[in-house]
Amino acid sequence: MSPSVPPSTPSPSRTRPWPLVAAAAACLISFAAFWVAQRVAHVNMLDVMVYRAEAETLRAGGDLYAMRATSANLAMTYPPFAAVLFLPLTLVGVPLMRTLSTAGNLLLVVALVRLSLQLVRPALASPARRADLWRTTLWVAAVVVWCEPVWTTLRYGQINLLVAVAVLWDLTRREGSRWAGLGTGLATAVKLTPGLFVVLLLAAGLLLWRRDRGMNQWLRTALTATGVFLVTTLAMVAALPADSRTFWTRTLFETGRVGHAEETANQSLSGVLARLMHTDAPGLWWLAAAVLLGGAAMALAVRAAVRGDKPAAVVATAFAALMVSPISWSHHWVWCVPLLILLYDRTRAWWATGAVALAFASFALWWVPHDPGRPELDQNAGQMLLSAVYPLTALAVFAGYALAVRRSPRAAAPEAPREPVAVRERQAVAKE
């Protein structure tokens, strides 16, 4: 027996193995039930079929932005680099591709929960707490897989979980990591909306540099992400000049190419205003609302970042991006996972976390009429409320956080690092 671990003080990882086994079993059962439920629901995995068609078009040397795929006649809306990313989808048959897509997304659910926990409670990533981290990760993953954004992401075979995990991987790296920024840069090269995280990183980094007169992790990550995005995009300009020119000069500005703004699945400010105004083009009203709300949300996010409250800064930025984007389909809102973890960690109030969880698990936005006939243009007041469930929830969270900061700025956003808390947690573990 090792002299460093006396018989009376077994290591935490070997003290209670059964809770971890129970969590793993619960997660496996939940995922298996989820898989069966999706098969019973005959999910079409439409988007992964479009991704495959994009990659096949690239391999055939065709025009990426003239391509149309599936019975829905869907077009490519991402930058050219996305088609390169999707090339592995063409290496297997469609049935196996669907299976691998589902399995991969389920693993990404676990990764998203784990990184969210690390973001909110960095002390959990310590070797002494690793069993606790995995146990909590598996229990939470077993539950959040059933929320509407995650369900719909897997239903369509979307890449939202991959994008969120790439960004969170960056933002949970240790101080001084040379790799931090790689995930955000690549995610922005695939789907432009993660670029708002670069704005957060750059703004917070510059403010901290001005205050401390030295390089900091925020600025270092911002520069890496920007460099990765530029190198990737320029490489695509060199490799796919025609497609790159089409995207950056035309497709980027064709918001209608993605879908109709008023669709109930569009949970952005643009969608809310389109349904409220009974039009598919809210125009300047959306632009004004996006600038005002986006500016206020980013101000809160940067303020939180400068004061050392990284979790609040990251979640606020994610929800700001979802709100101001012209189209934010319901499956883009997988950022509800870190939000729920942060809410429970900060408030310890089941009613608050439960209310937000209910909004994302209720599927309420689908209770209103929705079909190709575009009934969303004629919604009544009650239907408008249901089809705005995610933006209204985000507004409530923003308002609650702003009020908490105003009433108790130091308590709402801890400025100093949490070393004392981590020390106390490690001491508590040592005593178990």
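Residue positions are given per chain, counted from 1 along the sequence in the order it is written. pLDDT decides what is reported in this predicted model: residues at 70 or higher carry local features, side-chain atom pairs at 80 or more are listed and counted, and totals for whole chains, interfaces and linings draw on all residues regardless. Only hydrogens and water are set aside; all other atoms, that is, all heavy atoms of the structure, feed into the side-chain values.

*Asks:* How should the overall build of the chain be read in this particular structure?
*Replies:* A tally of helices and strands in the chain yields 21 helices and zero strands. The globule rule used for comparison is 2.2 Å times the number of residues to the exponent 0.38, while the radius of gyration itself is calculated over C-alpha atoms. In terms of C-alpha radius of gyration, the chain reaches 22 Å, essentially the compact-globule figure of 22 Å for 432 residues. With respect to the principal axes defined by its C-alpha atoms, the chain has extents near 70 × 50 × 50 Å. Each of the 432 residues in the chain was classed as buried or not, and the buried ones make up 50%. Note on conventions: DSSP H or I runs of at least 4 residues are helices, E runs of at least 2 residues are strands, and numbering of each starts at the N terminus. For every residue, the accessible area (1.4 Å probe, protein chains only) is compared with the maximum for its type, and the residue is labelled buried under 20%, exposed over 50%, or partly exposed between those bounds.

*Asks:* Sorry if this is basic, but what is going on with the environment of Asp378 here?
*Replies:* Along the chain, Asp378 turns up in the loop between helix H17 (350-361) and helix H18 (381-386). Given the relative accessible area of 64%, Asp378 is considered exposed. With 210 residues separating them in the primary sequence, Asp378 and Leu168 have C-alpha atoms 39 Å apart. Asp378 has contacts with His278 and Gln383, leaving out every residue within four places of it along the chain. Contact definition: two residues touch when any of their heavy atoms are within 4.5 Å.

*Asks:* Teacher, can you tell me more about the packing of aromatic side chains here?
*Replies:* Two descriptors summarise a pair of aromatic rings, namely the distance from one centre to the other and the angle between the planes of the rings. The aromatic pairing rule takes the rings of Phe, Tyr and Trp, using the six-membered ring of Trp, and pairs them if the centres are within 6.5 Å, calling planes under 30 degrees apart stacked, those over 60 edge-to-face and the rest tilted. Tallied over the full model, the rule gives 14 aromatic pairs. Ring geometry for Tyr51 versus Phe86: centroids 4.2 Å apart, planes at 15°, classification stacked. Of this pair, Tyr51 sits in helix H3 (residues 46-60) while Phe86 sits in the loop between helix H4 (80-85) and helix H5 (94-120), and the two are 35 residues apart along the sequence. As far as burial versus exposure is concerned, Tyr51 and Phe86 are alike and both buried.

*Asks:* How do you make sense of helix H7 (residues 148-156) when you look at a structure like this?
*Replies:* It helps to recall that an α-helix has 3.6 residues per turn; residues three or four apart then point in one direction. The element H7 is extensively covered by neighbouring structure, given that eight of its nine residues are classed as buried. Among all positions of H7, only Glu148, Pro149, Val150, Trp151, Thr152, Thr153, Leu154 and Tyr156 are buried. Of the residues flanking the end of H7, it is Gly157, one or two places downstream, whose phi is positive at about 70°.

*Asks:* Mind showing me how you'd approach the packing of H17 against helix H19 (residues 389-407) here?
*Replies:* Each pair of packed helices gets described by two things: the angle between the helix axes and the distance between those axes. Angles run from 0 to 180 degrees between N-to-C directions of axes, and those axes are lines fitted to C-alpha atoms, restricted for helices to the stretch in contact. In the contact formed by H17 and H19, the axes pass within 9 Å of each other and the chain directions differ by 160°. Relative to H19, the element H17 is oriented roughly antiparallel. In this structure, the crossing between H17 and H19 has a hand that is left-handed. Residues Val356, Ala359 and Phe360 of H17 touch H19, and the partners they reach there are Val389, Tyr390, Thr393 and Val397. Broken down by class, the residue content of the contact of H17 with H19 amounts to six nonpolar, one polar and no charged. Note on angle classes: values under 35 degrees are labelled roughly parallel, values over 145 roughly antiparallel, values of 65 to 115 roughly perpendicular, and the remainder oblique. Here a crossing is taken to be left-handed if its near helix is turned anticlockwise relative to the far helix by less than a right angle, and right-handed if that turn runs clockwise. Lys, Arg, Asp and Glu make up the charged group, whereas Ala, Val, Leu, Ile, Met, Phe, Trp, Tyr, Cys and Pro make up the nonpolar group; the residues left over, Gly among them, are polar.

*Asks:* Would you mind showing me how to read the environment of Thr246 here?
*Replies:* Tracing the chain through its elements places Thr246 in helix H12 (residues 241-249). For Thr246, a relative accessible area of 15% translates into the label buried. The sequence separation of Thr246 and Arg135 amounts to 111 residues, and the corresponding C-alpha distance is 48 Å. Residue contacts for Thr246: discarding those within four places in its chain leaves Tyr65 and Thr251.

*Asks:* Looking at this structure, how should I read the nonpolar core?
*Replies:* The nonpolar side chains of a soluble globular protein tend to be buried, and buried together. Counting residues in each nonpolar core, the largest one holds 106 residues, and the members touching the most others are Phe319 and Trp335. Broken down by element, this core gets its largest block of residues, eleven residues, from H5. In contact with Phe319, not counting residues within four places along its chain, are Trp333, Trp335, Cys336, Leu339, Phe360, Ala394 and Phe398. Buried Ala, Val, Leu, Ile, Met, Phe, Trp, Tyr and Cys residues form a nonpolar core when they are joined through side-chain atoms within 4.5 Å.

*Asks:* When you look at unusual backbone geometry in this model, what are you seeing that I'm missing?
*Replies:* Despite not being glycine, His42 has its phi angle at roughly 55°, a positive value. Relative to the assigned elements, His42 resides in the loop between helix H2 (17-40) and H3. Phi at Arg213 is positive, roughly 55°, even though this residue is not glycine.

*Asks:* I tried to follow the packing of H3 against H5 on my own but got confused; where do I start?
*Replies:* Contact pair H3 / H5: the axes reach a minimum separation of 11 Å and the direction vectors enclose 120°. As summarised for this structure, H3 and H5 are arranged oblique, according to the angle between their axes. Here H3 and H5 pass one another in a crossing that is right-handed. Along the contact surface, H3 presents Val48, Met49 and Arg52, while H5 presents Val94, Met97, Arg98 and Ser101.

*Asks:* Please explain a nonpolar patch on the surface as it appears in this structure.
*Replies:* Patch building starts from residues that exceed 30% relative accessible area and form no salt bridge, then joins like charges within 9 Å and nonpolar side chains (Val, Leu, Ile, Met, Phe, Trp, Tyr) within 5 Å. A 1.4 Å probe and the Shrake-Rupley method give the accessible areas. Residues count as covered only by the protein chains that appear here. A carboxyl oxygen of Asp or Glu within 4 Å of a side-chain nitrogen of Lys or Arg is what we treat as a salt bridge. A cluster of nonpolar side chains, Leu202, Leu206, Met215 and Leu223, forms an exposed patch at the surface whose accessible area comes to about 360 Å². Within the secondary structure, Leu202 is located in helix H10 (residues 195-212). The class for Leu202 is partly exposed, based on a relative accessible area of 35%.

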